[in-house]
Number of protein chains: 2
Amino acid sequence: MNRRKIGIDLMGNENPPEILKAALRNHPLSKNADLVLFGAPEYQDDPHHYVATPEFIEMDESPLYALRRKKKASMSVGLRWLKANKIDAFISAGNTGAFVSSAKMILGNIPGILRPALLARMPTKKKPVTVLDVGANIQCTSTHLVQFAKMGAASCKILGIDNPTVGLLNIGSEPIKGTSELRLAYQALQNMPQSAFRFAGNIEGKSVFDGDVDVLVTDGFTGNIFLKTGEGIANLILDRFGEILSPGEYQGLTRKQPKTDSPSGFGIHPKIQDLASMLHYAEHPGALLVGVRGIVIKCHGYSTPAAFIKAAEGALELISV
Amino acid sequence: MNRRKIGIDLMGNENPPEILKAALRNHPLSKNADLVLFGAPEYQDDPHHYVATPEFIEMDESPLYALRRKKKASMSVGLRWLKANKIDAFISAGNTGAFVSSAKMILGNIPGILRPALLARMPTKKKPVTVLDVGANIQCTSTHLVQFAKMGAASCKILGIDNPTVGLLNIGSEPIKGTSELRLAYQALQNMPQSAFRFAGNIEGKSVFDGDVDVLVTDGFTGNIFLKTGEGIANLILDRFGEILSPGEYQGLTRKQPKTDSPSGFGIHPKIQDLASMLHYAEHPGALLVGVRGIVIKCHGYSTPAAFIKAAEGALELISV
């Protein structure tokens, strides 16, 4: 088997490119896979693992403008490398709108899929839940939502979940709740021959975390609010717990880097360790763009270098499926 | 000063009416205010504090149907008592759509307000944030959102906050983010002479909990998802902490009833006590329907009797303003 090549966009996120690059180069993962970085010429190091790109897309730039004018931006060049099979997966923490549009344009959609969606996994009281769309499509029709259900169910099968349950994120469980598109999606999902998945109806934001559905379907606006609200309230709670727990326990909860062999040997309760990694779900491994031809992962603009590594590890797993 | 009269709809929520009634009647609040209950004739006790209503609206009933056909439902009769000044405030945990529509129809809107909104307060790392709309209007135009900003700011002034900051819940901070209605609302709020409040721009779900805005404006669908997601993730975290904390501490976190003099005397850490009441925000004091003529409070369908009491206490405070 060839060594896997993971492309990473150094630019357009909140990390200084120099620091992000150093963290990636020094990580043990770079011994198991080729990390090909796409970024400004001034950061170029190893010419075999760095693609110098003269432009990059700003966080607040208009996606349409960026798409038309910045064909040499780091994210566009990376996606073209993916299209040409020069890399096996591509990761960016840049402008979401530009990234999704570029991926659709450069890679193309999987046949029959109208709208690719960003898919993330979140913790619940039981098994994790696959949520899509978490930000690719601000407004969605019922047809899009039904396709998200199918793509979410398919992604569960890759994970070994044979007959996944699918719910619609809504403000109440009754079929008449929510927007007209949600009501239509409810009807369509209910009337569908359910060989690929079981439709569990509408799920409220509160009930998602009980862990009774494998897939949660929503439009990209609501899904993004859902994901980030969870992160915000988790941070709030951790902040308060900082006043209750011992310093070592608190460090266990808030550390942003993956655990390394700690010489200081804080006595961190394993359950707190567990909780900490659960609550930092939003950082890693990023969201997978499903529905395009290729493995494309979007990280938050505020992702730490550790989150990029998690995304790269996730990409490696997907390549091996 | 006359004794205050708080109307409470016994019906259409998840509590058995008999049990809810007993909890309300036995609570010390009923010594300070008249609790007038609206419900089915079979539960009638004191005829001076009980209005027997032959109908009630089911949780999953179509609001339009209920409005047209069930004029003698407990919530409709209660709202007419409020209109006639026979009670000073009215509380229901029934069907949200029917309750909001009935309140608009029976009480009428405040002049100039197109859409009343449900207003709730949530905890943050600093001061609480006032969020509206949390469920009255599934779809909103920019004009509605701007009116919510004004009503939210006005409610802050009642609380003594002189120059409140107002943010728009969105998926990114840039003015171009989100739906077209959000972009229009952003422009309108930015161009408004800001004497009544300061516009802080778009706020992400993650940043709301930093506590930098006093008012968070959103449509009722997104706001409801936001509110319930916060509750869901808080429950998830408490569930995990149950495995870490001592039984006494855990009881402090999860108990649903307000603290009474506990003979068992568990050693609950005051910070945990504090966190617990913060995390149960969603239960109490319910959401205030702003923009109608009268004090109207909506509780969740799954509100405990304690949440009804909190709502009644909130109503009493508002009456005294």
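Shown above is the structure to which this text applies.
For every chain, the first residue of the written sequence is number 1, and numbering continues from 1 along that sequence. Here every chain gets a letter starting at A, and every ligand a number starting at 1, in the order they are written. Totals for whole chains, interfaces and linings use all residues, but because this is a predicted model, local features are given only for residues with pLDDT of at least 70 and pairs of side-chain atoms are given and counted only at 80 or more. For side-chain calculations, the full set of non-hydrogen atoms in the structure is used, while hydrogens and water are omitted.

**Description of the overall build of chain A**
- Secondary structure follows DSSP: runs of H or I at least 4 residues long count as helices, runs of E at least 2 residues long count as strands, and numbering of each begins at the N terminus. Within chain A, the regular secondary structure consists of 11 helices and 11 strands.
- A 1.4 Å probe rolled over the protein chains alone gives each residue an accessible area, and that area as a share of the maximum for its type sets the label: buried under 20%, exposed over 50%, partly exposed in between. Looking at chain A as a whole, 57% of its 321 residues qualify as buried.
- Only heavy atoms enter the contact rule, under which two residues are in contact if any of them lie within 4.5 Å. In chain A, the share of contacts with a sequence separation of at least 24, taken over all contacts with a separation of at least 6, comes to 67%.
- Where accessible areas are quoted, they stem from the Shrake-Rupley method and a 1.4 Å probe; at the residue level, only the protein chains shown are allowed to cover. Accessible surface for chain A amounts to roughly 13,200 Å². Of this, 53% is attributable to carbon and sulfur atoms.

**Re the nonpolar core**
- Counting 192 residues, the largest nonpolar core has Ile 6 of chain A together with Ile 6 of chain B as the members making the most contacts within it.
- Ignoring any residue separated from it by four or fewer positions in sequence, one finds Ile 6 of chain A in contact with Ala 33, Asp 34, Leu 35, Val 36, Ala 89, Ile 91, Ala 312, Ala 315, Leu 316 and Ile 319 of chain A. By convention a nonpolar core is built from buried Ala, Val, Leu, Ile, Met, Phe, Trp, Tyr and Cys residues, the set being connected through side-chain atoms within 4.5 Å.

**Considering unusual backbone geometry**
All names here are of chain A.
- In this structure, the amide linkage connecting Leu 132 to the following residue, Asp 133, adopts the cis form with an omega of 5 degrees.
- Of note, Asn 85 is a non-glycine position whose phi angle comes to about 60 degrees, a positive value.
- Summarising the element assignment, Asn 85 is placed in the loop between helix 4 (74-83) and strand 4 (89-92).
- With relative accessibility at 66%, the residue Asn 85 sits in the exposed group.

**Section: the sheet that holds strand 1 (residues 5-9) of chain A**
Residues and elements named next belong to chain A.
- Two strands make a pair as long as DSSP finds a minimum of two bridges between them. One open sheet holds the 11 strands; their spatial order is 3-2-1-4-11-10-5-6-9-7-8, and the pairing between them is mixed. The open sheet has two edge strands, strand 3 (50-52) and strand 8 (198-203), and neither has a second partner. Strand-to-strand twist of the sheet, defined as the mean angle between neighbouring strand axes without regard to direction, takes the value 25 degrees.
- Where strand 5 (residues 117-122) meets strand 10 (residues 287-290), three bridges bridge the pair, whose relative direction is antiparallel. Note that in strand 10 the partner of Ala 117 across the bridge is Val 290. The angle between two axes is taken between their N-to-C directions and runs from 0 to 180 degrees, where each axis is a line fitted to C-alpha atoms and a helix contributes only its stretch in contact.

**What about the side chain of Asp 214 of chain A?**
Residue and element names in this part refer to chain A.
- Structurally, the position occupied by Asp 214 is in the loop between strand 8 and strand 9 (215-217).
- Here Asp 214 falls in the buried class, since its relative accessible area comes to 6%.
- Residues adjacent in sequence count toward polar contacts only when both atoms are side-chain atoms; beyond that, a polar contact is any pair of N or O atoms within 3.5 Å, and within protein one must be able to donate a hydrogen and the other to accept it. A distance of 3.4 Å separates the side chain of Asp 214 from the side chain of Lys 127, its partner in a polar contact.
- In this structure the side chain of Asp 214 is engaged in a polar contact, spanning 2.9 Å, whose partner is the backbone nitrogen of Thr 165.

**Some words on the sheet that holds strand 5 (residues 117-122) of chain B**
All names here are of chain B.
- Strand order in the open sheet formed by 11 strands is 3-2-1-4-11-10-5-6-9-7-8, and the pairing between neighbours is mixed. This sheet does not close on itself; its edge strands, each paired only once, are strand 3 (50-52) and strand 8 (198-203). Going across the sheet, the axis of each strand differs from the next one's by a mean of 25 degrees, ignoring polarity.
- Where strand 2 (residues 34-39) and strand 3 come together, three bridges link them in parallel fashion. Note on strand 3: the bridge partner recorded for Gly 39 is Ala 52.
- Helix 1 (residues 17-26) rests against strand 1 (5-9), strand 2 and strand 3 of the sheet, and its axis sits at about 170 degrees to strand 2.
- Its contacts with the sheet put helix 11 (residues 305-320) on strand 1, strand 4 (89-92), strand 10 (287-290) and strand 11 (295-298), and the angle it makes with strand 1 is roughly 145 degrees.

**Description of helix 7 (residues 180-190) of chain B**
- Here helix 7 of chain B has its buried residues at Leu 182, Ala 185, Tyr 186 and Leu 189 of chain B. One face of helix 7 of chain B carries all of its buried residues, which in axial projection span an arc of 105 degrees.
- As for helix 7 of chain B, its buried residues are in contact with helix 8 (220-241) of chain A together with helix 6 (142-158), strand 7 (165-169) and strand 8 of chain B. Think of it as the arc spanned by the lines of direction from the helix axis to the C-beta atoms.

**Structural notes on the pattern of salt bridges**
- The rule for a salt bridge is simple: a side-chain nitrogen of Lys or Arg has to be within 4 Å of a carboxyl oxygen of Asp or Glu. Taken as a whole and assessed by the stated rule, the structure comprises 16 salt bridges over all chains.
- Across the pair Lys 127 of chain A and Asp 214 of chain A runs a salt bridge whose closest N-O atoms are separated by 3.4 Å. Highlighted residues: Lys 127 of chain A in the loop between strand 5 and strand 6 (129-132) and Asp 214 of chain A in the loop between strand 8 and strand 9, separated in sequence by 87 residues.
- In this structure Lys 127 of chain A comes out as partly exposed when scored by relative accessible area, which is 35%.
- Residue Glu 204 of chain A is joined to Lys 228 of chain B by a salt bridge in which the shortest nitrogen-to-oxygen separation is 2.3 Å. Here the residue Glu 204 of chain A occupies a position in the loop between strand 8 and strand 9, and Lys 228 of chain B occupies one in helix 8 (residues 220-241), the pair thus bridging two chains.
- Among the residues examined, Lys 228 of chain B registers a relative accessible area of 7% and is labelled buried.

**Considering the pairing of strand 7 of chain B**
Residues and elements named next belong to chain B.
- By the criterion of burial, strand 7 is predominantly enclosed, with five of the five residues buried.
- Side-chain alternation along strand 7 places Thr 165, Gly 167 and Leu 169 on one buried face and Val 166 and Leu 168 on a second face that is also buried.
- Across four bridges, the pairing between strand 7 and strand 8 is parallel. From the neighbouring strand, Val 166 faces strand 8, where its bridge partner is Phe 199.
- Relative to strand 9 (residues 215-217), strand 7 runs parallel, the two being bridged by three bridges. Residue pairing for strand 9: Leu 168 is matched across the bridge by Val 217.

**A closer look at the environment of Asp 45 of chain B**
Residue and element names in this part refer to chain B.
- Among the structural elements, Asp 45 can be located in the loop between strand 2 and strand 3.
- C-alpha of Asp 45 to C-alpha of Gly 12: the two residues are 33 residues apart in sequence and 19 Å apart in space.
- Apart from residues no more than four positions distant in its own chain, Asp 45 is found in contact with Lys 21, Arg 25 and Tyr 50.
- Only 2.7 Å separates the side chain of Asp 45 from the side chain of Arg 25, close enough to count as a polar contact.

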